[in-house]
Amino acid sequence: MRHSNTRLEHTPGEGPSVQAFAPGRVNLIGEHTDYNDGLCLPFAVERGVTVTAEPAHGTTIEAEAEDVGERDSFELGAESGAGRGWRLFVRGAAAELRQAGIEVRACRLTITGDIPPGAGLSSSAAVCVALCLALCEIAESRPPERIALARLCSRVENDWTGAQTGLLDPLASLCGERGQAVRIDMRGPQLRPVPLDLRGHRLAVLDSGASHDLSADSGYNERREECRAACRALGIDSLRDATSGAGLPEPLDRRVRHVISENERVDATVAALEQGDLDEVGALLDASHRSLRDDYEVSVPEVERVVETCRRGGALGARIMGGGFGGSVLALFPPGAQLPPGAVSVEPGPAARLL
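Residues numbered from 1 in each chain as written. Predicted model: local features only at pLDDT ≥ 70, side-chain atom pairs only at ≥ 80, totals over all residues. Heavy atoms only, no water.

## Things to note about the overall build of the protein chain
And then number 1: On a plain count of helices and strands, the protein chain comes out with 8 helices and 12 strands.
And then number 2: Taken over the C-alpha trace, the protein chain has a radius of gyration of 20 Å; the compact-globule value for 355 residues is 20 Å, and the two agree within 12%.
And then number 3: Reported as C-alpha extents along the three principal axes, the dimensions of the protein chain are approximately 60 × 50 × 35 Å.
And then number 4: When burial is assessed residue by residue, the protein chain has 59% of its 355 residues classed as buried.
And then number 5: Of the roughly 14,300 Å² that the protein chain leaves accessible, carbon and sulfur atoms contribute 46%.
And then number 6: Across the protein chain, 37 positive and 52 negative side-chain charges occur, with their mean positions spaced 1 Å apart. (Helix = DSSP H or I, 4+ residues; strand = E, 2+ residues; numbered from the N terminus. Rg over C-alpha atoms; globule rule 2.2 N^0.38 Å. Buried < 20%, exposed > 50% of the residue type's maximum accessible area, 1.4 Å probe, protein only. Areas by Shrake-Rupley, 256 points an atom, 1.4 Å probe, with all protein chains shown as cover. Lys, Arg positive; Asp, Glu negative; His and termini not counted. Charge placed at Lys NZ, Arg CZ, Asp CG, Glu CD.)

Structural data, given as structure tokens:
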């Protein structure tokens with residue numbers, strides 16, 4: 001993230017507009033492990049969300065989600081109350097930044113993006129990160145450091161929108177590097193770049209057409225509660241400490257089995273990438289999908305049809321990605337393979353930044 005050490009001299013309502021961009025992310029492997037203190041291997045993508053902020057007089061934030069043609073406005077200090085959908089991200093970002101000691105100022109915000117919402121590319125985290133960077137810049141305040149800012153964005157999603165997401169998405173958006181994935185150990189968290197040299201292979205995402213939902217009453221939050229129930233039954237604080245789910249009732253035993261095996265697949269994928277074994281990476285994607293489908297039960301028929309489409313198209317491996325219950329499929333195609341219609345190649349891009 002760039003931030004000038006020179007403070008701009010202007011009164012509220014004057015001065016230049018600023019723009020902040022936050023990328024979406026693709027999680028190569030390590031799904032539903034982040035909120036269990038586990039391992040994951042995401043990378044930031046070129047697509048993302050841009051927030052333009054223009055200083056304004058007074059104490060009001062006005063916001064427009066240009067892509068959907070909707071507006072909102074609220075007084076600083078009165079963020080709670082009315083609001084739904086994208087509005088909750090704006091209000092929550094302003095409130096959480098103020099709580100963190102940032103002197104948020106009146107401004108006009110315009111939100112645009114090229115991430116398909118509900119496709120599993122983390123449009124919500126990108127919105128939150130871009131909002132926070134833009135609001136900090138307008139306030140002439142250095143944003144919190146990356147991990148602290150990721151935690152703040154997670155609070156916005158958890159406490160303001162009701163989606164009990166973890167740190168994976170905002171960390172990937174804030175810490176991505178061109179040409180690199182990032183291995184994240186959520187117990188810490190500890191981050192390590194991993195070169196994503198695909199040796200002519202291509203990663204692509206294909207939208208299933210079933211929009212996933214991470215709202216308060218979604219299956220995603222149900223899975224999180226099942227993980228908490230498994231921890232209580234095992235007498236541990238986190239499934240990162242579980243060695244087996246044997247003896248637990250259905251479906252808790254299968255939820256634990258997924259988390260344990262998915263953590264193992266993350267490091268196996270890192271090793272395969274380091275050895276240039278792309279066939280093994282594909283096999284690990286397939287194994288991850290089977291686990292997510294059978295043990296974690298987050299797939300839907302539309303996703304299964306897309307996975308099969310990718311396999312018929314020559315993919316070495318394919319799996320559901322994101323929170324599940326819809327969204328996109330990630331597939332690894334060998335050199336020369338023709339991508340299925342609608343599939344979009346994805347490559348690791350740089351982190352969130354001011355433009």
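Once the structure has been displayed, the description carries forward.
## What to know about unusual backbone geometry
And then number 1: For the bond running from Gly188 to Pro189, omega is -10 degrees, close enough to zero to count as cis.
And then number 2: Looking at the element boundaries, Pro189 is found in the loop between strand E6 (180-185) and strand E7 (190-195).
And then number 3: Omega for the bond connecting Glu250 with Pro251 falls within 30 degrees of zero, at 0 degrees, which places this linkage in the cis form.
And then number 4: Note on placement: Pro251 falls in the loop between helix H5 (219-234) and helix H6 (252-275).
And then number 5: Even without being a glycine, His32 presents a positive backbone phi close to 65 degrees.
And then number 6: Within the secondary structure, His32 is located in the loop between strand E1 (18-29) and strand E2 (39-55).
And then number 7: Take His32: its relative accessible area is 3%, and that puts it in the buried class.
And then number 8: Positioned with a positive phi, Glu297 is a non-glycine residue whose angle comes to about 55 degrees.
And then number 9: Residue position: Glu297 is located in the loop between helix H7 (278-294) and helix H8 (301-312).
And then number 10: Judged by relative accessible area, Glu297 falls into the partly exposed class, the value being 33%.

## Focus on the pattern of salt bridges
And then number 1: Going through the model one piece at a time under the given rule, you end up with 28 salt bridges.
And then number 2: Counted as one network, the salt bridges with shared partners bring together Glu222, Arg223, Glu226, Glu250, Arg254, Arg255 and Glu297. (Salt bridge = Lys/Arg side-chain N within 4 Å of Asp/Glu carboxyl O.)

## Thoughts on the state of the cysteines
And then number 1: Scanning all chains against the criterion turns up 0 disulfides.
And then number 2: Not part of a disulfide, Cys136 finds its nearest cysteine sulfur in Cys132, a span of 6.4 Å.
And then number 3: Of all cysteine sulfurs in the structure, the one in Cys227 sits closest to Cys231, which takes part in no disulfide; the separation is 7.0 Å. (Disulfide = S-S within 2.5 Å.)

## Comments concerning the environment of Asp294
And then number 1: With respect to the secondary-structure elements, Asp294 resides in helix H7.
And then number 2: Separated by 24 residues in sequence, Asp294 and Ala318 have C-alpha atoms that sit 15 Å apart.

## Some remarks on the environment of Glu140
And then number 1: In this structure, Glu140 sits in the loop between helix H2 (123-138) and helix H3 (146-161).
And then number 2: Separated by 78 residues in the primary sequence, Glu140 and Glu62 have C-alpha atoms spaced 19 Å apart.

## With respect to the sheet that holds strand E10 (residues 328-333)
And then number 1: Taking strand neighbours across the sheet as the criterion, the 4 strands line up as E9-E10-E8-E11 in an open arrangement whose pairing is antiparallel. Lying at the two open borders of the sheet, with one neighbouring strand each, are strand E9 (317-320) and strand E11 (344-345).
And then number 2: Across 2 bridges, the pairing between strand E8 (residues 202-207) and E11 is antiparallel. From the neighbouring strand, Val205 faces E11, where its bridge partner is Val344. (Pairing = 2+ DSSP bridges.)

## Focus: the packing of aromatic side chains
And then number 1: Per the counting criterion, the structure on display carries 1 aromatic pair.
And then number 2: The residue whose ring lies beneath Arg255 is Tyr296, and the NZ or CZ to ring-centre distance is 6.0 Å. (Phe/Tyr/Trp six-rings, centres within 6.5 Å; stacked < 30°, edge-to-face > 60°. Lys NZ or Arg CZ within 6 Å of the ring centre and 35° of its normal.)

## Overview of the pairing of E10
And then number 1: Most of E10 sits out of view: 6 of its 6 residues are buried.
And then number 2: With burial as the criterion, each face of E10 is covered, one bearing Ser328, Leu330 and Leu332 and the other bearing Val329, Ala331 and Phe333.
And then number 3: As paired elements, E8 and E10 share 6 bridges and run antiparallel to each other. The residue bridging Leu203 from the neighbouring strand is Leu332, located in E10.
And then number 4: Sheet topology places E9 next to E10; 4 bridges connect them, and they run antiparallel. Of the residues in E10, the one forming a bridge with Arg319 is Leu330.

## Looking at the confidence of the model for the protein chain
And then number 1: On average, the protein chain scores 92 in pLDDT, and the residues at 70 or more come to 93%.
And then number 2: Taken together, the stretch residues 1-12 has pLDDT below 50 and engages in 24 contacts with residues farther than four places along the chain or on a different chain. (pLDDT = per-residue confidence, 0-100. Contact = heavy atoms within 4.5 Å.)

## A word on the pairing of strand E5 (residues 107-113)
And then number 1: Pairing of E2 with E5 involves 7 bridges; the strand directions are antiparallel. For Ala53, the partnering residue across the bridge sits in E5 and is Leu109.
And then number 2: The pairing of strand E3 (residues 60-65) with E5 spans 5 bridges and is classified as parallel. Residue pairing across strands places Ala65 opposite Ile111, the latter belonging to E5.

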